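Chain by chain, the residues run as shown.
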Amino acid sequence: MYQNNLNPISGINKSHNFKTNDMNNGYFKIGAAVPEVIAGGIYYNAQSIKKLIIDLNAQGVEIAVFPEMCLYGAAYSSVVNQNTVITECEQALLSIADFTKNRKVLCAIGLPLRVEDKILNCVAMVGMGKVHAVIYKNTDNQKISFGEITLGDYMIPFSDIAVMRGACTLPVNISVYIGNQLFSQNNCANIILNPYAA
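Predicted, not measured: the structure shown is a model, and the values here were computed from it.

A.B. asks: Even after reading the chapter, I still don't get the environment of Thr 139, so can you show me in this structure?
C.D. replies: Relative to the helices and strands, Thr 139 resides in the loop between strand S7 (130–136) and strand S8 (148–151). Separated by 21 residues in the primary sequence, Thr 139 and Asp 160 have C-alpha atoms spaced 9.7 Å apart.

In structure tokens, the structure reads:
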């Protein structure tokens, strides 16, 4: 059961209220947010995302989904082999995570990340002051052989599909996947997030 509300404020496209037992009189608020971005303008894009996080938090949104690669502001193919850009994206992500410290919204934010010798199209689950998980887009049925990556001073869960059980303080199970294929994994997710940008 959900209630659909169009919400034109500051790039927030839709919010869905999902029925749960504990939140907001039985409803759980989820928003899709589209920040104003500049291709390669990582600092600008991070500030734009932070402004939307303020708006989302003020509206009582518990989970926000941002588009794939929004922190970089351009397609994945344009970032390959640009190590400086990747480092800036990592620093901006940690800055956004710190910015969420006193806010209740959990955000799925798209960005490129360097993992070993590869640059991958990823989504980071960020909220309550930290990065909770990183999910990479699996385009060639590639499996990366480790389940954690180092980002800043933290070891963060890393996979092509993530199921966050009782994420942060939220009483739901959230599954995160990037891509145009239907999510076929059998899991116990109440909510499936897919920030895929066709």
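A.B. asks: Would you mind showing me how to read unusual backbone geometry here?
C.D. replies: Across the chain, the bulk of peptide bonds are trans and the bulk of non-glycine residues have phi less than zero. The backbone phi angle of Met 69 is positive, close to 60°, even though this residue is not glycine. Along the chain, Met 69 falls in the loop between strand S4 (63–65) and helix H2 (83–99). With relative accessibility at 4%, the residue Met 69 sits in the buried group. Residues other than glycine seldom take positive phi values, yet Met 128 does so here, at roughly 50°. Examined against the element boundaries, Met 128 turns out to sit in the loop between strand S6 (118–127) and S7. Given a relative accessible area of 39%, Met 128 falls into the partly exposed group.

A.B. asks: How do you make sense of H2 when you look at a structure like this?
C.D. replies: Because each turn of an α-helix spans 3.6 residues, side chains separated by three or four positions end up pointing in the same direction. With 17 residues, H2 should reach 24 Å at 1.5 Å per residue; the first-to-last C-alpha distance of 24 Å fits that figure. Those residues of H2 that sit buried are Val 85, Ile 86, Cys 89, Glu 90, Ala 92, Leu 93, Ile 96 and Ala 97. The buried residues of H2 occupy an angular sector of 165° when projected down its axis, which confines them to one face. Exposed residues pointing more than 90 degrees away from the buried face of H2 are listed as Thr 84 and Gln 91. Close packing links the buried residues of H2 with helix H1 (42–58), strand S5 (106–115), S6, S7 and S8.

A.B. asks: Please clarify how the packing of aromatic side chains should be interpreted in this entry.
C.D. replies: For any pair of aromatic rings, the description rests on two quantities: the centre-to-centre distance and the angle between the ring planes. The full count for this structure, using the stated rule, is one aromatic pair. Between Tyr 136 and Phe 158, the ring centres sit 5.0 Å apart and the planes meet at 25°, which makes this aromatic pair stacked. Here Tyr 136, found in strand S7, pairs with Phe 158, found in strand S9 (residues 154–159); they are 22 residues apart in sequence, far enough to count as distant. By relative accessible area, Tyr 136 is classed as buried at 2%.

A.B. asks: Just to check I follow, could you spell out the state of the cysteines for this structure?
C.D. replies: Throughout this description, disulfide means a covalent bond between two cysteine sulfur atoms. Taken as a whole, this structure holds zero disulfides when the rule is applied. Looking at the unpaired Cys 70, the closest cysteine sulfur is the one in Cys 107, lying at 9.6 Å. Owing to a relative accessible area of 4%, Cys 70 belongs among the buried residues under this scheme.

A.B. asks: What should I look at first to understand the nonpolar core in this one?
C.D. replies: If you look at the biggest cluster of nonpolar residues, it comprises 38 residues, and the most contacted ones within it are Phe 66, Leu 71, Val 131, Val 134 and Phe 158. Of all the secondary-structure elements, those providing two or more residues to this core are H1, H2, S5, S6, S7, S8 and S9. Core analysis: the next-biggest nonpolar cluster, separate from the first, contains 17 residues, Leu 106, Ile 135, Ile 174 and Leu 193 among them.

A.B. asks: It is not clear to me how the pairing of S8 should be interpreted in this structure. Could you clarify?
C.D. replies: Side-chain direction in a regular strand flips from residue to residue, so the side chains alternate between the two faces of the sheet. Judged by which residues are buried, S8 turns out to be one-sided: Ile 149 and Leu 151 face inward and are buried, whereas Glu 148 and Thr 150, on the alternate face, are not. Of the pairings in the sheet, the one linking S8 to S9 comprises four bridges and is antiparallel in character. In the sheet register, Thr 150 faces S9, and the bridge partner there is Met 155. Counting the residues in the hairpin turn of S8 and S9 gives two residues, including Gly 152, whose phi is positive at 65°.

A.B. asks: Sorry if this is basic, but what is going on with the pattern of salt bridges here?
C.D. replies: When charged atoms on two side chains of opposite charge get close, those side chains can pair. Under the definition given, this model contains two salt bridges. Here Asp 98 makes a salt bridge to Lys 101, at a shortest N to O gap of 2.9 Å. Given the relative accessible area of 42%, Asp 98 is considered partly exposed.

A.B. asks: Please clarify how the side chain of Asn 121 should be interpreted in this entry.
C.D. replies: Of note, Asn 121 is situated in strand S6. A relative accessible area of 7% places Asn 121 in the buried class. Here Glu 68 takes part through its side chain, which lies 2.6 Å from a polar atom of the side chain of Asn 121.

Quick notes on the rules
Positions within a chain are numbered from 1, following the residues in the order the chain's sequence is written. This being a predicted model, a pLDDT of at least 70 is required before a residue's local features are given, and a value of 80 or more before pairs of side-chain atoms are given or counted; all residues contribute to the totals for chains, interfaces and linings. Hydrogens are left out, water is left out, and the side-chain values use all remaining heavy atoms of the structure. The helix count covers DSSP runs of H or I at least four residues long, the strand count covers runs of E at least two residues long, and both are numbered beginning at the N terminus. Each residue gets one of three labels from its accessible area relative to the maximum for its type: buried under 20%, exposed over 50%, partly exposed in between, using a 1.4 Å probe on protein chains only. Residue count minus one, scaled by 1.5 Å, sets the expected span of a helix. Here the arc refers to the directions that run from the helix axis out to each C-beta atom. Residues are treated as being in contact if the distance between any of their heavy atoms lies within 4.5 Å. A pair of Phe, Tyr and Trp rings is counted when the ring centres sit within 6.5 Å of each other, with Trp represented by its six-membered ring. The angle between the planes then sorts it: under 30 degrees is stacked, over 60 is edge-to-face, the rest tilted. Any cysteine sulfur atom paired with another within 2.5 Å is treated as part of a disulfide. Buried Ala, Val, Leu, Ile, Met, Phe, Trp, Tyr and Cys residues form a nonpolar core when they are joined through side-chain atoms within 4.5 Å. Strand pairing is assigned whenever DSSP detects at least two bridges linking the two strands. By convention in these notes, a salt bridge is any Lys or Arg side-chain nitrogen within 4 Å of a carboxyl oxygen on Asp or Glu. We call two N or O atoms a polar contact when they sit within 3.5 Å, provided that within protein one can donate a hydrogen and the other can accept it, with sequence-adjacent residues counted only if both atoms are side-chain atoms.

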